[in-house]
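Read off the chains here:
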Amino acid sequence: MSAAIASMRTLIENDRIRLALLALSLVLVALGPFYLSAYWERVLIFVFFNIALASSWNVIGGIAGYPSFGHGVFFGMGAYTCAILIVRGGVPFPLAILGGGAVAGAFALLFIPLFRQRGFYFALSTLAAQFAIETVVRTWSFTRGLQSFDQGWNLPDLGSLDFFYWLTLGLLVACIGSIILMLRTRVGLALRAIHKDEVVAASVGIPCTRYKAIAFVFSAVWPGVMGAAYAPFLVFISSDNVFNISITLNMILIAIFGGIGTIIGPIIGGLLLSIIDRLSWAYLLQYHTLIYGLMIIAVISFRPAGIASWFKK
Amino acid sequence: MSAILEVTKVGKRFGGVEAVRDLSFSVAQGEILGMIGPNGAGKTTVFNLISGVVEPTNGRIVFDGKDIQGKRPDQICTAGIARTFQTSSLLSGMSARENVHVASLFRREKGGRTADQITDQALALCGLTGIAAKQTDQLTTSEQKRVEVARAYATGARLIMTDEVVAGLNGVETDQILDILQGINREGITLIFVEHDVRAVMRVSHRLVVLAEGTLLAEGDPQVVARSADVIRVYLGSRYADAR
């Protein structure tokens, strides 16, 4: 086992081999609709969503060290923005996707005062914000809450399963690519410094609040974009399925399971947890939640740095 | 010489504890000011007050003619004050070079140089070029201390405050870091040097201030201050001061 991991590590550490493996995997995944059944295509679309959401959360929660427990709200906002723009405004789908990201990003700016807090208090504040916003969406007539004549939004059919497969894969690649690029700028080093020691980071001239805000807005835009892509894929959305707290929890669990604070962690976490989830649904239905929970507890207990840490020296 | 830093009647209270009380002193441009005092005298609190980590309860701190009390640490760093920390404050999970580079990247005035060039110069000045790629957990105590100094230097500060930078070092390592500090000072950078090692303080300081219980006990020429009965009383007890 350890020899296998060591040889995997050697392979992964070689840049050329790493790039070739990445390119090959991407081509194989991109060709999925040509050899996958509709069931597995749909499963992979959910995997793409999960990885993109966990990767986005990882920017603020893992890299900057500010664990947001309200990040699912940006996904819901993206979905609702897209639905409202398309159904009420007849806006083209690509513009509605951009609108979802823009609204989520703009809304994230309202969270900046929460950066006075850290750790448990920050997490609790963001969780409270999630519940507050969810309540507004549930009850506001503009969002077709319970006070109005309807609940939720029906969207027109905007594309085939293959279309949504390639759309979500493309958005996932763009999401991870943008995170990698961002981390290579001074923003990345600033966030790592803030995570390690905020007093030291400030003492070398890093305006910590500004960089935390950049990280937070960045990590909110992508869930907004993904939410906007999710709405027409699901056809019907309501606060129950796009503002659900489980969306936030999944982002966090996937990132932690795979390897918090790393690029590869949410990818590994998204893939493995989705596979475990599907297999336990298929073969051990009554134990599904138990297995899922035990897996997460086991990894957090015995490998707190996540599965990705197995492949690091 | 004109004062680059003026601390006037500064106080800091933590609940019922008065850590610093009506403290006033100044630092001249280009000097090395030694700051000594027994444990709990308020030396680190003074650093925290000047660097903006904590806000003074009262008083004024003026750097280069501008009030800085109440400003954020990053603003104070950008204004030209950098510091090292009493306990190792290197950013874990990063190399020695990255620890210095983070300061170069956020330095405002780069003088036509790139952040990489500034980092390389700071590493070379502190004798760290050969170990720049080492992770912080692989560094010796002496190397860690020098990375802290290099990082403070890379910010482009005109005033650097070092907090017990030779603590835990042997004689050779202490001399090495004192040489580095004197080299930095020869570039015109002002230093405040907090230290328990009196030999080190006497070697590099142009002037000395002594704190006791958050107040200024004595200040002046290091040789004179060190012989002051008040200073000996605080350090060794009244029996030794009276015996002189």
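Here, the structure is the one placed above.
First, a word on scope: everything that follows refers to the structure included in this document. (Residues numbered from 1 in each chain as written. Chains lettered and ligands numbered in written order. Predicted model: local features only at pLDDT ≥ 70, side-chain atom pairs only at ≥ 80, totals over all residues.)

So, on to the environment of Val-27 of chain B. Residues and elements named next belong to chain B. Within the element layout of this structure, Val-27 appears in strand β2 (residues 17–28). Val-27 sits in the buried class, given 25 other C-beta atoms within 10 Å. Along the sequence, Val-27 and Thr-57 sit 30 residues apart, while their C-alpha atoms lie 21 Å from each other. If near-sequence neighbours (up to four positions away) are discounted, Val-27 is found in contact with Ala-3, Ile-4, Leu-5, Leu-33, Thr-190 and Ile-192. (Helix = DSSP H or I, 4+ residues; strand = E, 2+ residues; numbered from the N terminus. Buried ≥ 20, exposed ≤ 12 C-beta atoms within 10 Å, placed from the backbone. Contact = placed C-beta atoms within 7 Å.)

Right, let's get into the interface of chain A and chain B. Each partner contributes residues to the interface: chain A has 15 residues there, and chain B has 21 residues. Mapped by element, the contributors of at least two residues to the side of chain A that touches chain B are α9 (186–196) and α10 (198–203) of chain A. Ranked by residues supplied to the side of chain A that touches chain B, first place goes to α9 of chain A with five residues. A breakdown of the residues in the side of chain A that touches chain B according to their chemical character gives nine nonpolar, two polar and four charged. (Nonpolar A, V, L, I, M, F, W, Y, C, P; charged D, E, K, R; others polar.)

With that settled, consider the sheet that holds strand β8 (residues 190–194) of chain B. Residue and element names in this part refer to chain B. With respect to topology, six strands assemble into an open sheet ordered β6-β7-β8-β3-β9-β10, the strand pairing being mixed. A strand with exactly one partner marks an edge of an open sheet, and here the two such strands are β6 (81–83) and β10 (215–220). Neighbour-to-neighbour, the strand axes of this sheet turn through a mean angle of 20°, independent of strand direction. With five bridges joining them, strand β9 (residues 207–212) and β10 adopt antiparallel strand pairing. In the sheet register, Leu-208 faces β10, and the bridge partner there is Gly-220. Here helix α1 (residues 43–50) sits on the sheet in contact with β3 (32–36), β6, β7 (159–163), β8 and β9, set at roughly 150° to β7. Along the sheet face, helix α6 (residues 171–186) touches β3, β7 and β8 and points at about 150° away from the line of β8. (Pairing = 2+ DSSP bridges. Axes fitted to C-alpha atoms, helices over the stretch in contact; angles between N-to-C directions.)

A few words now on the pairing of strand β1 (residues 3–14) of chain B. Residues and elements named next belong to chain B. Examined bridge by bridge, β1 and β2 share eight bridges and lie antiparallel to one another. Bridge pairing links Leu-5 to Val-27 in β2. Connecting β1 to the next strand, β2, in antiparallel fashion are two residues, including Gly-15 with a positive phi near 60°. Across five bridges, β1 lies against strand β4 (residues 58–63) in antiparallel orientation. Opposite Leu-5, over in β4, you have Phe-63 as the bridge partner.

All right, on to the sheet that holds β2 of chain B then. Residues and elements named next belong to chain B. One open sheet accounts for four strands, arranged β2-β1-β4-β5; its pairing is antiparallel. Taken across any chain shown, the strands that pair with only one partner, and hence form the sheet edges, are β2 and β5 (66–67). On the sheet, α1 packs against β1, β2 and β4 and is oriented at approximately 70° with respect to β2.

Our next topic: the nonpolar core. In this structure, Ala-52, Ala-79, Ile-206 and Met-226 of chain A together with Ala-150 and Ile-160 of chain B are the most contacted members of the largest nonpolar core, which totals 158 residues. Per element, the largest residue contribution to this core is 16 residues, and it comes from helix α11 (residues 208–234) of chain A. Those residues in contact with Ala-79 of chain A, other than ones at most four positions away along the chain, are Gly-227, Ala-228, Tyr-230, Ala-231, Ile-237 and Val-242 of chain A. (Core = buried A, V, L, I, M, F, W, Y, C linked by C-beta atoms within 7 Å.)

The next point concerns helix α15 (residues 288–302) of chain A. With 15 residues, α15 of chain A extends 21 Å from end C-alpha to end C-alpha; this agrees with the ideal 21 Å at 1.5 Å per step. Counting buried residues in α15 of chain A gives one out of 15 residues, a small share hidden from the surface. (Expected span 1.5 Å × (residues − 1).)

Before going further, it helps to examine the environment of Ala-128 of chain A. Along the chain, Ala-128 of chain A falls in helix α7 (residues 119–139). Taking the C-alpha atoms as reference points, Ala-128 of chain A and Pro-304 of chain A, separated by 176 residues in sequence, lie 26 Å from one another.

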